[in-house]
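Report on the structure
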Amino acid sequence: EAAVDAALKLKDRSEPALQLAAVRALGAASFTPPIGRALTQALSSKRPEVRSAAVESLAAFQDARVQEALVRHAQERSGRGLTEEEAEVLGEAVARQGTAFALPLFSGWLQPHGMLQRVVESPGQRLLHRVAVAGLARLSDEEAEQQLYFGQIRLAGEYVNRGNAELAEDLLWKTQPARRNWEWG
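Residues numbered from 1 in each chain as written. Predicted model: local features only at pLDDT ≥ 70, side-chain atom pairs only at ≥ 80, totals over all residues. Heavy atoms only, no water.

1. Re the packing of helix H7 (residues 99–110) against helix H10 (residues 142–161)
- Contact geometry of H7 with H10 gives a least axis separation of 11 Å together with a crossing angle of 25 degrees. What the angle tells us is that H7 and H10 run roughly parallel. Relative to H10, the crossing made by H7 is left-handed. In this structure, H7 contributes Leu103, Ser107 and Leu110 to the contact, and H10 contributes Glu143, Ala144, Gln147, Gly151 and Arg154.
- The residue makeup of the contact of H7 with H10, split by class, is 3 nonpolar, 3 polar and 2 charged. (Axes fitted to C-alpha atoms, helices over the stretch in contact; angles between N-to-C directions. Helix = DSSP H or I, 4+ residues; strand = E, 2+ residues; numbered from the N terminus. Parallel < 35°, antiparallel > 145°, perpendicular 65-115°, else oblique. Left-handed = near helix turned anticlockwise from the far one by under 90°. Contact = heavy atoms within 4.5 Å. Nonpolar A, V, L, I, M, F, W, Y, C, P; charged D, E, K, R; others polar.)

2. Examining the packing of helix H4 (residues 48–59) against helix H6 (residues 84–95)
- Relative to each other, H4 and H6 sit at 10 degrees, their axes nearing to 9 Å. As far as their axial angle goes, H6 and H4 are roughly parallel. Here H4 contributes Pro48, Arg51, Ser52, Val55, Glu56 and Ala59 to the contact with H6, which in turn contributes Glu86, Val89, Leu90 and Ala93.
- Of the residues assigned to the contact of H4 with H6, the class counts are 6 nonpolar, 1 polar and 3 charged.

3. Here we look at the pattern of salt bridges
- All told, the structure shown has 8 salt bridges when counted by the stated rule.
- Ionic pairing is found between Arg65 and Asp63, a salt bridge with its closest N-O pair at 2.9 Å.
- Between Glu142 and Arg179 there is a salt bridge whose closest N-O contact spans 2.8 Å. You can see Glu142 sitting in helix H10 and its partner Arg179 sitting in the segment after helix H11 (165–173), a full 37 residues away along the chain.
- Classification of Glu142 by relative accessible area gives exposed; the value is 51%.
- Here the residues in one salt-bridge network are Glu84, Glu88 and Arg130, joined through shared partners. (Salt bridge = Lys/Arg side-chain N within 4 Å of Asp/Glu carboxyl O. Buried < 20%, exposed > 50% of the residue type's maximum accessible area, 1.4 Å probe, protein only.)

4. Quick notes on H10
- With 20 residues, H10 extends 29 Å from end C-alpha to end C-alpha; this agrees with the ideal 28 Å at 1.5 Å per step.
- Every buried residue of H10 is listed here: Ala144, Gln147, Leu148, Tyr149, Gly151, Gln152, Leu155, Ala156, Glu158 and Tyr159.
- On its buried side, H10 packs onto H6, H7, helix H9 (123–136) and H11.
- Count one or two residues on from H10 and you reach Gly163, which has phi positive near 85 degrees. (Expected span 1.5 Å × (residues − 1).)

Below is the structure:
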């Protein structure tokens with residue numbers, strides 16, 4: 001308990017290394033509402049590595065408040081400062097909350113809403129898409145695998161449209177081999 005109290009105090013320090021150590025220590029403790037609140041507050045850190053550690057720590061706790069915090073973080077941060085690496089960590093964290101929770105959420109994030117958004121998609125929507133693809137890769141359900149494949153194809157198309165063919169090709173090679181080559185009949 002003394003270690004948790006110390007970590008709760010250290011997480012507010014300005015030094016990134018102390019913040020990171022505190023967030024990881026809180027994640028290793030048993031879930032309590034104060035720990036949940038402290039980790040949720042760490043999601044607003046200016047440092048991406050602290051935010052990612054907070055996401056990873058929160059993911060270990062199976063709690064409705066944690067699920068809500070992860071979803072809110074993904075939706076709010078996707079348009080302002082979420083990095084590609086954070087999107088990966090966040091997708092995996094949401095997937096750890098279980099297929100019943102994650103699959104409908106990921107499916108919704110993969111769907112463009114309206115014709116205009118299909119043509120001109122915001123960077124925030126692309127990052128939510130990245131979160132969904134990363135999370136779907138962790139789920140082992142047939143529907144999740146199908147959604148993952150479609151999400152990977154769509155994300156590869158977005159990379160090509162942004163001029164990053166190399167990243168698109170890498171992503172396409174990560175698709176399940178059994179789902180490839182359908183276009184060749």
